[in-house]
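# Commentary on secondary and tertiary structure
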Amino acid sequence: MAEHDLTAIIAPQLDRHLVFPVLEFLQERGLYSEQEILEAKLRLLGGTNMVDYAMDIHSSLRGADAVPTGMASRRAEVVARLRSLEETAAPLVAFLQDPQLVRELRPDRQYNVHMLQGRFQIGPDQIEALYQYAKFQFECGNYSGAADYLSQYRALCTNSERSVSALWGKLAAEILMQNWDIALEELNRLKEIIDSKNFSSPLNQLQNRLWLMHWALFIFFNHENGRNGIIDLFFQDRYLNAIQTNAHHLLRYLATAVVVNKRRRNMLKELVKVIQQEQHSYKDPITEFLECLYLNYDFDGAQKKLMECEQVILNDPFLGKRTQEGNFVTVPLRDEFLENARLFIFETYCRIHTCIDISLLAQKLNMSYDEAELWIMNLVRSSKLDARIDLVSRTLIVTTNHVNVHEQVIESLKGLNMPTYMLAKNIVEPAQAALQAAR
């Protein structure tokens, strides 16, 4: 069952706290034994301040009531450190909890620092203590408190590296609290900083883009507009290059987003081209399904891969999200993927054949004859497909329509919007920077 599980590849790109939801999903699906999951959780907890949680897991794992001496002493250290940080950050925290005083802060961070120092005797040490306090709260699992303090810290911080670090922490906290709208805003802020010309070295920039794309998976497959978001981000040249360099496995999520997003069908050709380029570096049933269908025109192979795709989606922590509808539990993305994948098979098959045996087509679609006939009838009625069903010969008769040359040109130009925008941006920004430097 765990054959196509990507957890071991993705986990190193995530903050350790973000790995816990992934392990919870795997535990629920039973992809690994209970002991393996608990052992993994215990290892992760070793680098956090969630000592009580670690104690509970240790008891479940070892079946003993006695708490190890190391854990008990570690708990005492955490409590002592928390109290120390609370005391150091107390003056600034008290200031930030007073709405009237907070209104005196301005967008100018240097002004804020001088104003706090002059009027309230709150200096750089207390501001740094707020960062440490927020980080400590995050490590304790208090994500709500950490998010608030990190946001306030960024309004006061004059160190750009510290500010970026705080933004990563804020993003992680919002993801863990499942505040998807706020998380998307923080993601976009972070992307702007990473893509800026002033961002450290190219190698560090590449690593940050990889982290950003992996963390973004939580948002894109939960936010209502996430499927457009992942396509927009992953198809940008810089991010696509990062995928092709160090993160080929992200093609699974990009491919899934394109398949289920009917409005972005214009990106399918580009996706297939990337899959073809990377087929020797990465393969899974989802990429192989598109490869069989659009590169090899192997309908039998596509049918087999489609059956495997269902299991991949069900067992993937980002794709296999379950929803309760009455007494039934469904996986919406699985249903959408299968529906659109069948449509892809059908359209491609009709493009090649003009007279199709419905029973044969039903086999290609993994459906019974009656299901296939009803599905095709509904599809013919609701789409622009020029076809009819011959009930006597039990075949589908397809009329070939040649696409108007103007429509072909319009369709080919649809995918040029983003590359043109990025090209213009890359030309204009350096010119503006040079102009400002000259002044």
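Higher on the page you've got the structure.
So, here's what we can say about the structure. (Residues numbered from 1 in each chain as written. Predicted model: local features only at pLDDT ≥ 70, side-chain atom pairs only at ≥ 80, totals over all residues. Heavy atoms only, no water.)

### As for the overall build of the protein
Cut-off, in case you're wondering: A run of H or I in DSSP becomes a helix once it reaches four residues, and a run of E becomes a strand once it reaches two; helices and strands are each numbered from the N terminus. Remark: exposure states derive from per-residue accessible area (1.4 Å probe, protein chains only) relative to the maximum for the residue type, with buried under 20%, exposed over 50%, and partly exposed in between. The contact criterion used is simple: two residues touch if any of their non-hydrogen atoms lie within 4.5 Å. All accessible areas in this document rest on Shrake-Rupley with a 1.4 Å probe, and a residue is counted as covered only by the protein chains that are shown. By the counting scheme adopted, Arg and Lys are positive, Glu and Asp are negative, and His together with the chain ends is not counted. Just so you know, the charge point we use is NZ for Lys, CZ for Arg, CG for Asp and CD for Glu.
Scanning the protein from N- to C-terminus turns up 23 helices and five strands. In terms of overall dimensions, the protein has a C-alpha envelope of 90 × 70 × 40 Å along the principal axes. Taken across its 439 residues, the protein has 46% of its residues classed as buried. In the protein, the proportion of contacts linking residues at least 24 apart, taken out of those at least 6 apart, comes to 61%. Of the roughly 23300 Å² that the protein leaves accessible, carbon and sulfur atoms contribute 50%. Counting 46 positive and 55 negative side-chain charges, the protein places the averaged centre of each group 4 Å from the other.

### A short note on the pattern of salt bridges
Selection rule: A pair is scored as a salt bridge if a Lys or Arg side-chain nitrogen falls within 4 Å of a carboxyl oxygen belonging to Asp or Glu.
Inspection of every chain in the model, using the stated rule, returns 18 salt bridges. Residue Arg 264 pairs with Asp 232 through a salt bridge whose shortest N-O separation is 2.9 Å. Within this pair, whereas Arg 264 is found in the loop between helix H15 (251-260) and helix H16 (268-277), its partner Asp 232 is found in helix H13 (residues 226-234), the two being separated by 32 residues in sequence. Between Glu 347 and Arg 265 there is a salt bridge, with the nearest N and O atoms lying 2.7 Å from each other. Here Glu 347 is found in helix H19 (residues 332-352), whereas its partner Arg 265 is found in the loop between H15 and H16, with 82 residues between them in sequence. Here the salt bridges share partners, and the residues they tie into one network are Lys 170, Glu 174, Glu 186 and Arg 189.

### Describing the nonpolar core
One broad trend across soluble globular proteins is that nonpolar side chains are buried collectively. In plain terms, the rule: Only buried residues count toward a nonpolar core, which is a set of Ala, Val, Leu, Ile, Met, Phe, Trp, Tyr and Cys residues joined through side-chain atoms within 4.5 Å.
Within the largest apolar cluster, 142 residues are counted, with the highest numbers of intra-cluster contacts made by Phe 234, Tyr 253 and Leu 290. The element best represented in this core is H19, accounting for ten residues.

### Some thoughts on the pairing of strand E4 (residues 387-390)
Going by this rule: Strand pairing is assigned whenever DSSP detects at least two bridges linking the two strands.
In the sheet, E4 pairs with strand E5 (residues 395-398) via four bridges, with the strands oriented antiparallel. The residue of E5 that forms the bridge with Ile 389 is Leu 396. Between the end of E4 and the start of E5, which pair antiparallel, lie four residues, with Arg 394 showing a positive phi angle near 55 degrees.

### Considering the environment of Ala 2
By the element assignment, Ala 2 lies in the segment before helix H1 (7-10). Counting along the chain gives 29 residues from Ala 2 to Leu 31, while the straight-line C-alpha distance between them is 5.7 Å. Not counting residues up to four positions away in its chain, the partners in contact with Ala 2 are Leu 31 and Tyr 32.

### Topic: a nonpolar patch on the surface
Counted only if it meets this: Residues enter a patch when their relative accessible area is above 30% and they make no salt bridge; the linking distance is 9 Å between like charges and 5 Å between nonpolar side chains (Val, Leu, Ile, Met, Phe, Trp, Tyr).
Residues Val 405, Val 409, Leu 413 and Leu 416 make up a contiguous nonpolar surface patch of roughly 340 Å² in combined accessible area. When you line up the elements, Val 405 lands in helix H22 (residues 405-414).

### A short note on empty space enclosed by the protein
To keep it simple, the criterion reads: Both site types are read off a 1 Å grid over the protein atoms alone. A 1.4 Å probe that fits but cannot get out defines a cavity, while an open set with protein on both sides within 12 Å along at least five of seven lines defines a pocket; lining residues have an atom within 4 Å of a point. Grid points are joined across faces, edges and corners, and a volume is the space filled by probe spheres set on the points. When residues are sorted by character, Ala, Val, Leu, Ile, Met, Phe, Trp, Tyr, Cys and Pro go into the nonpolar class, Asp, Glu, Lys and Arg into the charged class, and all the rest, Gly among them, into the polar class.
On inspection of all chains with the given rule, the structure shows one cavity of 30 Å³ or more. Roughly 60 Å³ of internal volume is contained in the largest cavity. Asp 5, Leu 6, Thr 7, Ile 10, Ala 11, Leu 14, Val 19, Val 22, Tyr 253, Asp 316, Pro 317 and Phe 318 together form the lining of the largest cavity. Within the residue set of the lining of the largest cavity, elements represented by two or more residues are H1 and helix H2 (16-29). Of the residues in the lining of the largest cavity, the class split is nine nonpolar, one polar and two charged.

### Notes on the packing of helix H18 (residues 299-314) against H19
So the rule is basically this: Axis lines are fitted through C-alpha atoms, for helices just across the contact stretch, and the angle between N-to-C directions can take any value from 0 to 180 degrees. Oblique is the label for any angle not under 35 degrees, not over 145, and not in the 65 to 115 range, which are roughly parallel, roughly antiparallel and roughly perpendicular in turn.
Packing of H18 against H19 brings their axes to within 10 Å, and their N-to-C directions diverge by 170 degrees. In this view, H18 runs roughly antiparallel relative to H19, as classed from their interaxial angle. Residue-level contacts link Phe 299, Leu 306, Cys 309, Glu 310, Ile 313 and Leu 314 of H18 to Leu 333, Arg 334, Phe 337, Leu 338, Ala 341, Arg 342, Ile 345, Thr 348, Tyr 349 and Ile 352 of H19. Here the contact of H18 with H19 is built from residues that sort into twelve nonpolar, one polar and three charged.

### Details of helix H17 (residues 285-294)
Stated formally: Here a polar contact means two N or O atoms within 3.5 Å. Within protein one must be a hydrogen donor candidate and the other an acceptor candidate, and residues neighboring in sequence count only if both atoms are side-chain atoms.
Burial analysis of H17 places ten of its ten residues in the buried class, the great majority of the element. Those residues of H17 that are buried lie in contact with H15, H16, H18 and H19. The N-cap of H17, judged by a side-chain oxygen 2.9 Å from the amide nitrogen of Ile 286 a few residues on, is Asp 284.

### Description of the side chain of Lys 305
Among the secondary structure elements, Lys 305 is positioned in helix H18. Among the polar contacts listed, one links the side chain of Lys 305 to the side chain of Glu 288, at a separation of 3.0 Å. Apart from residues no more than four positions distant in its own chain, Lys 305 is found in contact with Pro 285, Glu 288, Phe 289 and Cys 292.

### Details of the sheet that holds E4
Spatial strand order, E3-E5-E4: three strands in an open sheet with antiparallel pairing. Because the sheet does not close on itself, it has two edges, and the strands there are strand E3 (355-357) and E4. This sheet shows a mean twist of 25 degrees between the axes of neighbouring strands, independent of strand direction. Pairing geometry for E3 and E5, over three bridges, is antiparallel. What sits directly across from Cys 355, in E5, is Ile 397.

### Notes on the packing of aromatic side chains
Here is the rule we go by: When two rings of Phe, Tyr or Trp (its six-membered ring) have centres within 6.5 Å they constitute a pair, described as stacked for plane angles under 30 degrees, edge-to-face for angles over 60, and tilted for the intermediate range. Each ring is checked for a lysine NZ or an arginine CZ that lies within 6 Å of its centre and within 35 degrees of its normal; such an atom marks a charge sitting over the ring.
Applying the stated criterion across every chain yields a total of 13 aromatic pairs. Taking 6.1 Å as the distance between ring centres and 45 degrees as the angle between the ring planes, the aromatic pair formed by Phe 20 and Tyr 53 counts as tilted. Placement of the pair is Phe 20 in helix H2 and Tyr 53 in helix H4 (residues 51-62), with a sequence separation of 33 residues. With a centroid separation of 6.1 Å and an interplanar angle of 85 degrees, the aromatic rings of Trp 168 and Trp 211 are classed as edge-to-face. With a gap of 43 residues between them, Trp 168 in helix H10 (residues 160-176) and Trp 211 in helix H12 (residues 202-220) connect regions that are remote in the sequence. Trp 168 gets classed as buried once you look at its relative accessible area, which sits at 10%. The ring of Tyr 239 has Arg 209 sitting right over it, with the charged end atom 5.4 Å from the ring centre.

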